[in-house]
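Letter by letter, the chains look like this.
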Amino acid sequence: MGGNLTRQETKRVVLDEKYFRRIKQFEGDSKLPLRTWLFDLLVAIGQLDDNLAAELKSLCRRGTSLDEKWDPASDDQLNQLVYERYKGELYGLLCALTEGDAKMVVRNVVDKGYSQDGFKAFVELGRRFETQTAANLLQAFTEAVAPPQMKTCLLYTSPSPRD
């Protein structure tokens with residue numbers, strides 16, 4: 001399905017739910033790391049459209065350079081034909097493949113005025129859950145270094161008749 005896209009091809013639905021049934025839902029917790037989930041997602045997308053997979057991989061590589069003000073519609077490094085073709089479908093797919101905190105990140109894209117923009121949601125998921133950012137590394141470090149609180153417990157033993 002790869003190759004150059006024309007304007008007529010931008011309306012065809014490709015990201016059908018049936019192609020993504022084997023991908024676990026991403027919740028934003030440590031049970032399923034973002035990188036593992038993204039790998040599965042990008043492999044499945046790459047089997048359907050290599051242009052879309054290439055654009056999403058490019059966004060992953062750009063990672064921290066894309067801040068919260070990043071607008072995919074005005075990004076000259078993003079293939080705008082791919083963007084127009086998939087922004088709605090990708091948003092729907094991300095809604096279906098997320099739960100919990102991750103789904104809230106996806107929903108917040110609409111609240112911020114980007115309509116149902118899957119590219120914006122994809123970047124926001126990376127910004128929020130990527131473990132390689134300085135803030136996330138610091139949080140992971142403090143969780144590893146700070147031991148959990150221990151509860152004190154008094155053990156009462158009654159004297160044995162044999163003592």
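Up top is the structure these notes are about.
Residues numbered from 1 in each chain as written. Predicted model: local features only at pLDDT ≥ 70, side-chain atom pairs only at ≥ 80, totals over all residues. Heavy atoms only, no water.

*Asks:* When you look at the overall build of the chain in this model, what are you seeing that I'm missing?
*Replies:* Summing up its helical and strand segments, the chain has six helices and zero strands in all. The order of helices and strands in the chain, counted from the N terminus, is α-α-α-α-α-α. In the chain, which comprises 163 residues, the proportion classed as buried is 36%. Summed over its atoms, the accessible surface of the chain is roughly 11,000 Å², and 52% of this surface lies on carbon and sulfur atoms. (Helix = DSSP H or I, 4+ residues; strand = E, 2+ residues; numbered from the N terminus. Buried < 20%, exposed > 50% of the residue type's maximum accessible area, 1.4 Å probe, protein only. Areas by Shrake-Rupley, 256 points an atom, 1.4 Å probe, with all protein chains shown as cover.)

*Asks:* I would appreciate a short explanation of helix H5 (residues 118–129) in the present structure.
*Replies:* Think of an α-helix as turning once every 3.6 residues; residues three or four places apart then point the same way. In this model H5 runs 16 Å from its N-terminal to its C-terminal C-alpha over twelve residues, within 8% of the 16 Å that 1.5 Å per residue would give. Among the twelve residues in H5, nine count as buried, and that is most of the element. Within H5 the residues assigned to the buried category are Gly118, Phe119, Lys120, Ala121, Phe122, Val123, Glu124, Leu125 and Phe129. Two or three places before Phe119, at the opening of H5, Asp117 has a side-chain oxygen 3.0 Å from that residue's backbone nitrogen. (Expected span 1.5 Å × (residues − 1). Polar contact = N/O pair within 3.5 Å; in protein donor to acceptor, adjacent residues only side chain to side chain.)

*Asks:* What is the right way to read the pattern of salt bridges from this model?
*Replies:* Side chains carrying opposite charge are able to pair once their charged atoms draw close together. The full count for this structure, using the stated rule, is nine salt bridges. Among the salt bridges present, the one from Arg85 reaches Asp49, with a minimum N-O distance of 3.3 Å. Pair noted here: Arg85 is in helix H3 (residues 80–96) and Asp49 is in the loop between helix H1 (34–48) and helix H2 (50–62), with a separation of 36 residues, a long-range link. On the accessibility criterion, Arg85 (4% relative accessible area) is buried. The exposure class of Asp49 is buried, given its relative accessible area of 1%. (Salt bridge = Lys/Arg side-chain N within 4 Å of Asp/Glu carboxyl O.)

*Asks:* Sorry, what's going on with the packing of aromatic side chains here?
*Replies:* Aromatic ring pairs are reported here in terms of the distance separating the ring centres and the angle at which the planes meet. Tallied over the full model, the rule gives three aromatic pairs. Seen in terms of ring centroids, Phe26 and Trp37 are 5.2 Å apart; in terms of plane orientation they differ by 25 degrees. Their pairing is stacked. Linking Phe26 in the segment before H1 with Trp37 in helix H1, this pair joins segments that are eleven residues apart in sequence. Of the two residues, Phe26 and Trp37, neither departs from the other in class, the shared state being buried. Following the ring pairs from residue to residue traces out a cluster consisting of Phe26, Trp37 and Phe129. (Phe/Tyr/Trp six-rings, centres within 6.5 Å; stacked < 30°, edge-to-face > 60°.)

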